[in-house]
Amino acid sequence: MRSEIKQGDASAEYETDERCHIIEVANDSGDEQLSIARARVDVGVTTAWHRLIGISERYIIVSGKGLMEVEDIEATCVGPGDVVRIPASKAQRIANTGDEQLIFYAVCAPPFSAQAYINLESSADL
């Protein structure tokens, strides 16, 4: 890892097929150990069931309310300050159950790679 200050850039946000909006805060050669993305889920939206093969994830909830589902634990309400640990290859999704945007940081180790993302929406493999 190299010393660096990464400036946030809201204009870099993009919408995903997963039904959320992402800003890749830090997913580059500056840190080979992990990546950080800011995710935003609109009111009433549930992200797609998915898994990340070989990548563990931590969600740090910043604002809003949600219902977090991970395949091997009970669905749980989450809010600001909560941390969700998602082991590699576990099916997961999050629903915005509040009346404002649900915003969280997704910290992935090793860094997120689109090749590791498996959409489970049309699969019974949960």
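Rules used throughout
Residues numbered from 1 in each chain as written. Predicted model: local features only at pLDDT ≥ 70, side-chain atom pairs only at ≥ 80, totals over all residues. Heavy atoms only, no water. Helix = DSSP H or I, 4+ residues; strand = E, 2+ residues; numbered from the N terminus. Buried < 20%, exposed > 50% of the residue type's maximum accessible area, 1.4 Å probe, protein only. Contact = heavy atoms within 4.5 Å. Areas by Shrake-Rupley, 256 points an atom, 1.4 Å probe, with all protein chains shown as cover. Salt bridge = Lys/Arg side-chain N within 4 Å of Asp/Glu carboxyl O. Polar contact = N/O pair within 3.5 Å; in protein donor to acceptor, adjacent residues only side chain to side chain. Disulfide = S-S within 2.5 Å.

Peer 1: In this structure, what is going on with the overall build of the protein? I would like to understand it.
Peer 2: Assigned secondary structure in the protein consists of zero helices and 11 strands. Written out in order from the N terminus, the α and β elements of the protein read β-β-β-β-β-β-β-β-β-β-β. Considering the protein as a whole, with its 126 residues, one finds that 38% of them fall into the buried category. Within the protein, counting contacts between residues at least 6 apart in sequence, those at least 24 apart form 68% of the total. When the accessible surface of the protein is totalled, it reaches about 7,100 Å², and 52% of it is carbon and sulfur.

Peer 1: Could you clarify how one ought to interpret the pattern of salt bridges in this entry?
Peer 2: Opposite charge on two side chains permits them to pair, given that their charged atoms come into close proximity. Enumeration over the complete set of coordinates arrives at nine salt bridges. As a salt-bridge pair, Lys 6 and Asp 28 come within 2.7 Å of each other at their nearest N and O atoms. Pair noted here: Lys 6 is in the segment before β1 (14-15) and Asp 28 is in the loop between β2 (21-26) and β3 (35-41), with a separation of 22 residues, a long-range link. The residue Glu 13 makes a salt bridge to Arg 40 at a minimum N-O spacing of 2.7 Å. Here the residue Glu 13 occupies a position in the segment before β1, and Arg 40 occupies one in strand β3, the gap between them amounting to 27 residues. By relative accessible area, which is 25% here, Glu 13 ends up partly exposed.

Peer 1: Just to check I follow, could you spell out unusual backbone geometry for this structure?
Peer 2: Across residues other than glycine, the phi torsion is negative in most instances, and most of the peptide bonds are trans. The peptide bond linking Ala 109 to Pro 110 adopts the cis configuration, its omega dihedral lying at -10 degrees. Among the secondary structure elements, Pro 110 is positioned in the loop between β10 (102-109) and β11 (117-119). Phi is positive for Ser 89, which is not a glycine, with a value near 75 degrees. For Ser 89, the location among the structural elements is in the loop between β8 (83-86) and β9 (92-96). Exposure remark for Ser 89: the relative accessible area of 27% places this residue in the partly exposed category.

Peer 1: Please clarify how the side chain of His 50 should be interpreted in this entry.
Peer 2: Within the secondary structure layout, His 50 lies in strand β4 (residues 50-52). A relative accessible area of 2% places His 50 in the buried class. A distance of 2.8 Å separates a polar side-chain atom of His 50 from the backbone oxygen of Ala 48. Not counting chain neighbours up to four residues away, the residues in contact with His 50 comprise Glu 18, Tyr 59, Lys 90, Ala 91, Gln 92, Tyr 117, Ile 118, Asn 119 and Leu 120.

Peer 1: I would appreciate a short explanation of the state of the cysteines in the present structure.
Peer 2: Cysteine pairs can be covalently joined through their sulfur atoms, and such a bond is termed a disulfide. One pass over the structure, following the stated rule, counts zero disulfides. The thiol of Cys 77 is not disulfide-bonded; the next cysteine sulfur, from Cys 20, is found 19 Å away. Assessed through its relative accessible area of 63%, Cys 77 is described here as exposed. Cys 20 supplies the cysteine sulfur nearest to Cys 108, a cysteine that is in no disulfide, at a spacing of 11 Å. Judged by relative accessible area, which is 3%, Cys 108 ranks as buried.

Purely spatial values, then, with no claim about function.
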